[in-house]
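Structural features, examined
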Amino acid sequence: MNSTASKKYVLGMIGLGTMGRNLLLNMADHGYAVSGFDVDPKKVDLLEEDGEQVGIKGAKSLKALIESLESPRAVMLLVPAGKIVDSVIEELVPLMDSGDLIIDAGNSHFTDTNRRVAYLENRGIHFFGMGISGGEEGARRGPSMMPGGDKEAYEVVKPILESIAAKVNGEPCVTYIGPGASGHFVKMVHNGIEYGLMQLIAETYDILKKGLKLNNEAIHQVFQKWNEGKLQSYLLEITRDIFAFKEAGADHLLLDDIKDEAKAKGTGKWTSQIAMDLTLPIPVIDTAVSMRDLSKYKNLRQQAAAAYAHDDDASFSEENNATFLAALEEAFYFSMIITYAQGMHLLQKASEEYDYQLQLDQIAKIWRGGCIIRARFLDRIYDAFQQDPNLSHLVLDDTIQQQVKAALPAIRSITIKAIQQGIAIPVYMASLSYFDTLRSASMPANLIQALRDYFGAHTYERIGEEGTFHTQWED
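Fair warning: this is a prediction, and the values are worked out from it, not measured in the lab. (Residues numbered from 1 in each chain as written. Predicted model: local features only at pLDDT ≥ 70, side-chain atom pairs only at ≥ 80, totals over all residues. Heavy atoms only, no water.)

Quick word on the packing of aromatic side chains
- In the structure shown here, the tally under the stated rule is 17 aromatic pairs.
- Geometrically, the ring pair formed by Tyr 154 and Tyr 176 is tilted, given 5.8 Å between the ring centres and 35 degrees between the ring planes. Linking Tyr 154 in helix H7 (residues 151-164) with Tyr 176 in the loop between strand E9 (171-172) and helix H8 (182-211), this pair joins segments that are 22 residues apart in sequence.
- Take Tyr 154: its relative accessible area is 3%, and that puts it in the buried class.
- Members of the aromatic cluster, joined through ring pairs, are Tyr 205, Phe 223, Trp 226, Phe 243 and Phe 332.
- Arg 368 extends its terminal NZ or CZ atom over the ring of Tyr 382, reaching a point 5.5 Å from the ring centre. (Phe/Tyr/Trp six-rings, centres within 6.5 Å; stacked < 30°, edge-to-face > 60°. Helix = DSSP H or I, 4+ residues; strand = E, 2+ residues; numbered from the N terminus. Buried < 20%, exposed > 50% of the residue type's maximum accessible area, 1.4 Å probe, protein only. Lys NZ or Arg CZ within 6 Å of the ring centre and 35° of its normal.)

Points about the sheet that holds strand E3 (residues 57-59)
- Pairing in this open sheet of seven strands is mixed, and the strands run E3-E2-E1-E4-E5-E6-E7 from one edge to the other. Bordering the open sheet on either side are E3 and strand E7 (144-149), each of which pairs with just one other strand. The sheet shows a mean angle of 25 degrees between the axes of neighbouring strands, direction not considered.
- As paired strands, strand E1 (residues 11-14) and strand E4 (residues 74-77) are joined by three bridges and run parallel to one another. Within E4, the residue paired with Met 13 across the bridge is Met 76.
- Set on the sheet, helix H2 (residues 41-50) makes contact with strand E2 (34-37) and E3; between it and E3 the angle comes to about 170 degrees.
- Of the strands in this sheet, strand E5 (101-104) and strand E6 (126-133) are in contact with helix H5 (residues 110-121), which crosses E6 at around 150 degrees. (Pairing = 2+ DSSP bridges. Axes fitted to C-alpha atoms, helices over the stretch in contact; angles between N-to-C directions. Contact = heavy atoms within 4.5 Å.)

Quick word on the pattern of salt bridges
- Counted by the stated rule, this structure contains 26 salt bridges.
- The salt bridge partner of Arg 73 is Asp 100, with a shortest N-O separation of 2.9 Å. Of this pair, Arg 73 sits in the loop between helix H3 (62-67) and E4 while Asp 100 sits in the loop between helix H4 (83-92) and E5, and the two are 27 residues apart along the sequence.
- On the accessibility criterion, Arg 73 (16% relative accessible area) is buried.
- According to the relative accessible area criterion, Asp 100 is buried, its value standing at 1%.
- Ionic pairing is found between Lys 210 and Asp 206, a salt bridge with its closest N-O pair at 3.4 Å. Taken together, the positions of Lys 210 and Asp 206, both in helix H8 and four residues apart, correspond to about one turn of that helix. (Salt bridge = Lys/Arg side-chain N within 4 Å of Asp/Glu carboxyl O.)

With respect to helix H11 (residues 267-277)
- Along H11, the residues that are buried comprise Thr 267, Gly 268, Trp 270, Thr 271, Ser 272, Ile 274 and Ala 275.
- Contact partners of the buried residues in H11: H5, H8, helix H12 (283-295) and helix H14 (321-354).
- In the segment just after H11, Thr 279 is the residue with positive phi, at about 50 degrees.

Focus: the nonpolar core
- In this structure, Phe 185, Tyr 340, Leu 347 and Trp 367 are the most contacted members of the largest nonpolar core, which totals 93 residues.
- If one sorts the elements of this core by residue count, H14 sits on top with 16 residues.
- Phe 185 has contacts with Phe 110, Ile 274, Leu 278, Leu 346, Leu 347, Ala 350, Tyr 354 and Tyr 356, leaving out every residue within four places of it along the chain.
- In this structure, Met 13, Ile 132, Ala 139 and Ile 164 belong to the second largest nonpolar core, which totals 31 residues. (Core = buried A, V, L, I, M, F, W, Y, C linked by side-chain atoms within 4.5 Å.)

Here you go:
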């Protein structure tokens, strides 16, 4: 291992969990001299063991890490979001010089990133937030990265990020996202889309298991076949694998031993919260967040199950399985389109509100490889925004319109049958209801306005007349 005291490194990593360590190994594989620090000395030792052949330096203190870096110094943080990020920054500031760079590569809330940009700017230190998607394997072999903020600072590390990013058709899955906290905002919405897609897959599993009464092997075959067609995606790929995984010596799937209580780290909730602040509806993502929350009330669900007994023999047994599965595939495709469309619509709204100058085609482009929500459909999203950068909503793209129209009979049929059998499919239903409302030139919101004016004198507007009006509804 190269260990001369005078050697300088191009980037230092703070936080050597699996993601941080794997990113450093990825950088070293591409010829970059990098170093790392963690408060846990065992992780520092592990980094040096893993990186011995490529000369990665493990630092025993923050001061040693900073002193090991060439100027201007570039430091990347991969530590838990929140107060820990602020704490590390406070320790770094006295050690760094004007012109140095800090990159927060964790899942920080974008409002925290805004605050940190302003704080460090006053001290002459560059700062930007960068979303990373792809998990530990992506970090090691090529993630999708979403850096936003100080563009001049981004240019300093651009060659490193482009080298280590996943590649699609030879193009790196990283691009400058925009100013401010845009990088972390885009990653937050990415995670919201991820919530929606995972809930969609889970509901499909329920339909296959409870409705068609398919066993695990048959469900595995369904997901395997779907992943070879237009539904191809990373999440379906790993779902397929989950339905084939048994622990050593076991005679059943590990999946059947896992409790049905889903955890979350908060990014889906953040997506819903900011969408409400921006008055931009994303009901598929909202529903996915709510269903994770409901899954945690296991005791309550068991009590309700006992009180409202369900006919476990109810099924789609009268259906031709091949015909039903073809319709279910189309219904899944419809809901997947709506999920991505809601996420992209939120990005459009945020770009206008926060002046992020987002290029939605480029965001779709870098999501095609390395990240958790990568899917064949992202090529279609990329094409749509390439053809019309000002496209107001994804479902208005000509090609996607054709796909949505083709899938409508299936989503309606599947929804009706699931409701009749008492199988919960809230995301499927939310996607269809959203679409039907979106295509309604006339909504019943006029009645809501009348009600508001009746009980609270909140006023209303009239068709074809300027101004606001109030009526004394009672004699």
